[in-house]
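# Tertiary structure, described
Chain residues, written in single-letter form:
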Amino acid sequence: MTARPGPGTTGPETARTLRRVLIANRGEIAVRVIRACRQLGLETVVVVSTADRDGLPARLADRAICIGPPPATQSYLAIGSVLSAALGTGCDAVHPGYGFLSENPDFAAACVDAGLVFVGPSPAVVAQAGDKARARELAQATGIPVLSGSPILDSLEAACAAAGRLGYPVLIKAAAGGGGRGMSVVEDQAGLRARWSAAGSEAQSAFGDGRLYLERFIRRARHIEVQVLGDRHGSVVHLGERDCTLQRRHQKVVEESPAPDLAAGTRAAIRASGVAFAQALGLDSAGTVEFIYDTDTGEYAFLEFNARIQVEHPVTELVTGVDLVASQFRSAAGEPLALSQPDITLTGHAIEARITAEDPGRGFIPTPGTVTTWIPPNGPDIRVDTSCERGYVVSPYYDSLLAKIIAYGPDRDTAADRLSAALGQLQVAGVPTNTGFVRTAVDHPDFRAGQVSTDWIAARGLPDYLEKL
Amino acid sequence: MSAPEADAPPSVTYREVLELLRTFEASGWTGMTLDMPGMRITAGRHGPPSAAAAPPAAAPSATPAAPPVPSASAAPATPAAPVAPAVASATPPPATSPPAPATAVDTAGCVPVRSPAVGSFWVAPSPGSPPFVEAGQSVAEGDQLAIVEVMKLMNPVTAPQAGQVIQVCAANAELVEYEQVLFMIRPTGA
């Protein structure tokens, strides 16, 4: 693909011709990126660990390069190995997917230093966004509501003092965190003392950065996030919001777009805040501005910014018709955005369910094993993003996501009905999955009425489900 | 990125390399060398053609090779030089097959020496130096056999046990994958 010189093109640096892309990820997102590359006429090289040598991404890509043993620190997180594979195969761009190195500023910078196009925001943006505390300061400076919280805390004593000022319960968060790891609610000082060092260790092992901070915890919260998209010429648009309120242990389970049951003024304000933050950040790729919404007060506050493609991006694609991964490539190549804000409309409703190899009956414990039956649902309004197939091995080294099943409908109820039917069609054997539980949640009157909060699964959804078993 | 080679045709793709090799296979030629911007492809029907006796049997592009890829005698590039596209590894399937040996080598009773990392394979400690080992040579346990360079980090490849090097399975300067077989060694006494 070749960048079309836009009105804002300032020099040769802004236009790059991409030919061959290294995909520095695994699983369904690797498959998703390969699909986008094919549509754009780009060649693909995927890196694999020895555990993924025979997987779907390795077979779909033009080439697969084995970069290390199964532990991610020695393969998917090994910057030198990933870059060696990219340069050794003549790639000119790297797509990091989500997780792994996607928000590692050192990796983004190393790609650029090696002459590779990083398919994501420029390294300075990644660095600024990746530091949660700095991102919050930026939001505050931009006039966006921010949840009261602490700066980075370097000791348990400092944490106890900060928690005293904020008022319990508080949330412990990793400065470099995301995806809920290294994040936990503590109800009182005893809980904080018990949890503090483990949270630091988790953050250290998950992100290579053990720094923590605290945030006020909202009891009845909804998670609402704005999809934003920028280019290297200073333009930023939003593609509406997603509601990702159904979570277990801070991991999203069901996501949808647009967000249900939101006052028109609040919806507009949240979207405007998302764009304002992205503009202040200088976002030049796809990103997501996450907000927490207090269902008791109707107030919202900035949580964090993710400088990458999100797991739940398909719901936005279905209601806007915009291919977000292709948009990432176009922005990375220096093309100006093809759409301006008035061109973007949300039509209908989309809901996604994450199918994981986890047993709801055993506290959602991820369960390694081999998938012996895999029959995904289909239909005109069903999209399945997956790398799973019969014989797929759920290994203990990676997350337990098997597939994302996304249903589209003209309205929310229809989308939910279609998702429920699709979940009923899905047949998996060999490993336990959360399918039955997710279906119950999607059919639950609370969910249908839009009356759920982030603790709903733990407090209501799971107990209800287990009782019926 | 395309600016420096504005007049040259764009570099070939992986699929085009495959197509070239298929065309070669269908021809009656015994060898060919193709020079293109940033890439040289050398193929031989009965093993690699010797570098001296390589008049281009087919040269659709008459442009001189620039920059040349490291040749068989090359060693670690200067730190500034990026790793050149590994042409030899364009043979499918790349994940598992080392380049075919010139002649069938009997590797019965041999132990494989695998790459400790993904990176560039270097047979010599520095440019111009003789290689660490060559096929037929005897080695002691722990002897260095090669280097696998990962982003300027030199990882030594050492002999897991004493024996004779029967085969060098990767080409110098080639991208090798993690666990790719680099050498076959027949242990002493085997």
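Residues numbered from 1 in each chain as written. Chains lettered and ligands numbered in written order. Predicted model: local features only at pLDDT ≥ 70, side-chain atom pairs only at ≥ 80, totals over all residues. Heavy atoms only, no water.

Moving on: the pairing of strand β6 (residues 170-174) of chain A. Remember that side chains alternate between the two faces of the sheet whenever the strand is regular. Residue and element names in this part refer to chain A. β6 sits mainly inside the fold: five of its five residues count as buried. Residues V170, I172 and A174 point to one face of β6 and L171 and K173 to the other, with burial holding for every one of them. For β6 and strand β8 (residues 212-216), the ladder comprises five bridges, and the chain directions are antiparallel. Note on β8: the bridge partner recorded for K173 is Y213. (Buried < 20%, exposed > 50% of the residue type's maximum accessible area, 1.4 Å probe, protein only. Helix = DSSP H or I, 4+ residues; strand = E, 2+ residues; numbered from the N terminus. Pairing = 2+ DSSP bridges.)

Let us now look at unusual backbone geometry. Most of the time, phi is negative for any residue but glycine, and the peptide bond is trans. Residues and elements named next belong to chain A. Omega for the bond connecting Y168 with P169 falls within 30 degrees of zero, at 0°, which places this linkage in the cis form. Here P169 shows up in the loop between α7 (156-166) and β6. At the junction of S257 and P258, the peptide bond is cis and its omega measures out at -5° in the coordinates. Structurally, P258 can be placed in the loop between β11 (251-257) and α9 (264-281). For F364, which is not glycine, the phi torsion reads 60° and is therefore positive. Looking at where F364 falls in the secondary structure, it is placed in the loop between β15 (358-359) and β16 (365-366). Accessibility expressed as a relative area gives 4% for F364, which makes it buried.

Let's shift gears to the sheet that holds strand β13 (residues 300-306) of chain A. Residues and elements named next belong to chain A. Reading across from one edge, β13-β12-β9-β10-β11-β14-β21-β19 is the order of the eight strands in this open sheet, with antiparallel pairing throughout. Two strands bound the open sheet, and with one partner strand each, they are β13 and β19 (382-386). For this sheet the average axis-to-axis angle between neighbouring strands, irrespective of direction, equals 25°. Relative to strand β10 (residues 236-248), strand β9 (residues 221-230) runs antiparallel, the two being bridged by six bridges. Of the residues in β10, the one forming a bridge with E225 is R242. (Axes fitted to C-alpha atoms, helices over the stretch in contact; angles between N-to-C directions.)

Below, the discussion takes up the domain arrangement of chain A. Here chain A is described as being made up of domain 1 (20-128), domain 2 (148-216) and domain 3 (221-466). One C-alpha centre belongs to domain 1 of chain A, the other to domain 2 of chain A, and the line joining them spans 31 Å. (Domains from an automatic or database assignment.)

Residues and elements named next belong to chain A. One pass over the structure, following the stated rule, counts 38 salt bridges over all chains. Among the ionic pairs, E304 bridges to K173, the shortest N-O distance being 3.8 Å. With a gap of 131 residues between them, E304 in strand β13 and K173 in strand β6 connect regions that are remote in the sequence. For the residue pair E304 and K173, the accessibility class agrees, reading buried in each case. A salt bridge links E317 to R383, with the nearest nitrogen and oxygen atoms 2.8 Å apart. (Salt bridge = Lys/Arg side-chain N within 4 Å of Asp/Glu carboxyl O.)

This part covers the packing of aromatic side chains. Taken as a whole and assessed by the stated rule, the structure comprises twelve aromatic pairs over all chains. With 6.4 Å between their ring centres and 80° between their planes, A:F291 and A:F302 make a pair best called edge-to-face. Taken as a pair, A:F291 in strand β12 (residues 286-294) and A:F302 in strand β13 lie far apart in primary sequence, eleven residues in all. The pair formed by A:F291 and A:F302 is uniform in burial state, with each residue classed as buried. Both rings, one in B:F121 and one in B:F183, keep their centres 5.9 Å apart while their planes meet at 55°; by these two values the pair is tilted. Here the residue B:F121 occupies a position in strand β4 (residues 119-122), and B:F183 occupies one in strand β10 (residues 181-187), the gap between them amounting to 62 residues. In this pair, the class of B:F121 matches that of B:F183, namely buried. Linked through ring pairs, A:F277, A:F291, A:Y300, A:F302 and A:F305 together constitute an aromatic cluster. Here the guanidinium or amino end of A:R248 rests over the ring plane of A:F364, the centre of that ring lying 5.5 Å away. (Phe/Tyr/Trp six-rings, centres within 6.5 Å; stacked < 30°, edge-to-face > 60°. Lys NZ or Arg CZ within 6 Å of the ring centre and 35° of its normal.)

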